[in-house]
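# Coordinate analysis (summary)
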Amino acid sequence: MRGSPLIRALVLLFGLLALGWPLRMLLQREAAQVVAAQTPAAPLAEAAVPSLLPLTLTFSQKALRVELRYAGKSVWTLAHPGLHEVAELQIPFPKEGVELAVSVEFEGEAQGALRLQLTAPDGSEYDRSLWGARTVEAVIPFP
């Protein structure tokens, strides 16, 4: 074997360091372009007008608590809901639809289900379900 392993390792290290600077410049430029492309979409979502959306919740078993969140904010919460509840949400419903973050805490250890039936402003009805035991959290899309 010719040459010292230490010298070869140093040459490899300097070679990787020399390639690191151009790669960093390329990646920073692409990251800035991605951020710039995503920025205009935010004002469109904020400009949406809130609508009154009827939502029916049907539980398969007793629940201790249920909470619905939209855009990180709680829009409807109820402790000890009945097996059938009706809520009216005042949130925007763009043509792309909405995503609701649902958190439900069921009594006991048994598997439970929650059925969500949402009526859109155009009259379309959407039916979604959520299954789980104890505390269940999920983001439910309504296109």
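Please refer to the structure higher up on the page.
Quick summary incoming for the structure in this document. Just so it is clear, the structure is predicted and the values come from calculations on it, not from any experiment.

A few words on the pairing of strand 5 (residues 98-106). Counting buried residues in strand 5 gives seven out of nine residues, a clear majority hidden from the surface. Examined bridge by bridge, strand 2 (residues 63-70) and strand 5 share six bridges and lie antiparallel to one another. When the bridges of strand 5 are listed, E67 appears paired with S103. As defined by bridge partners, strand 5 adjoins strand 8 (residues 135-142) across eight bridges and the pair is classed as antiparallel. Opposite A101, over in strand 8, you have V139 as the bridge partner.

To continue, consider the sheet that holds strand 5. Pairing is antiparallel across the open sheet formed by four strands, whose spatial order is 3-2-5-8. Looking at strand neighbours, the two that pair on one side only are strand 3 (73-79) and strand 8, the edges of this open sheet. Each strand of the sheet is rotated relative to its neighbour by a mean of 15°, with strand direction disregarded.

What follows deals with the nonpolar core. Membership of the largest hydrophobic core comes to 26 residues, with the highest contact counts inside it found for L57, L89 and L116. Elements that contribute at least two residues to this core include exactly strand 1 (50-59), strand 2, strand 4 (84-92), strand 5, strand 6 (111-119), strand 7 (125-133) and strand 8. Looking at this core, the element that brings in the most residues is strand 5, giving five residues. Among all residues touching L116, those that are not within four sequence positions of it are L55, T56, L57, L68, V102, Y126, D127, R128, I140 and F142.

The next point concerns the pattern of salt bridges. Across all of its chains, the model carries four salt bridges by this definition. One salt bridge connects E67 with R65, and the closest N-O pair in it is separated by 3.6 Å. Owing to a relative accessible area of 26%, R65 belongs among the partly exposed residues under this scheme. The residue D127 makes a salt bridge to R115 at a minimum N-O spacing of 2.6 Å. On the criterion of sequence distance, the pair formed by D127 in strand 7 and R115 in strand 6 is long-range, its members being twelve residues apart.

Here the focus is the side chain of E85. Within the secondary structure, E85 sits in strand 4. Buried E85, no salt bridge; nearest opposite-charge side chain is K62, N-O distance 9.7 Å. Only 2.7 Å separates the side chain of E85 from the backbone nitrogen of G82, close enough to count as a polar contact. Setting aside chain neighbours within four positions, we find E85 in contact with L55, T56, L57, F59, W76 and L78.

Attention now goes to the packing of aromatic side chains. Per the counting criterion, the structure on display carries one aromatic pair. Their ring planes at 25° and their centres at 6.4 Å tell us that F93 and Y126 sit as a pair that is stacked. Separated by 33 residues along the polypeptide, F93 in the loop between strand 4 and strand 5 and Y126 in strand 7 bring together distant segments of the chain. As far as the burial class goes, F93 and Y126 line up, both buried.

Moving on: unusual backbone geometry. What you tend to see is this: most non-glycine residues have negative phi, and most peptide bonds are trans. Here the phi dihedral of H80 falls at roughly 50°; this positive angle occurs in a residue that is not glycine. According to the relative accessible area criterion, H80 is exposed, its value standing at 58%. You will see that R134, though not glycine, has its phi angle at about 60°, which is positive. The residue R134 is located in the loop between strand 7 and strand 8 in this model.

Conventions we followed
- Residues numbered from 1 in each chain as written.
- Predicted model: local features only at pLDDT ≥ 70, side-chain atom pairs only at ≥ 80, totals over all residues.
- Heavy atoms only, no water.
- Buried < 20%, exposed > 50% of the residue type's maximum accessible area, 1.4 Å probe, protein only.
- Helix = DSSP H or I, 4+ residues; strand = E, 2+ residues; numbered from the N terminus.
- Pairing = 2+ DSSP bridges.
- Axes fitted to C-alpha atoms, helices over the stretch in contact; angles between N-to-C directions.
- Core = buried A, V, L, I, M, F, W, Y, C linked by side-chain atoms within 4.5 Å.
- Contact = heavy atoms within 4.5 Å.
- Salt bridge = Lys/Arg side-chain N within 4 Å of Asp/Glu carboxyl O.
- Lys, Arg positive; Asp, Glu negative; His and termini not counted.
- Polar contact = N/O pair within 3.5 Å; in protein donor to acceptor, adjacent residues only side chain to side chain.
- Phe/Tyr/Trp six-rings, centres within 6.5 Å; stacked < 30°, edge-to-face > 60°.

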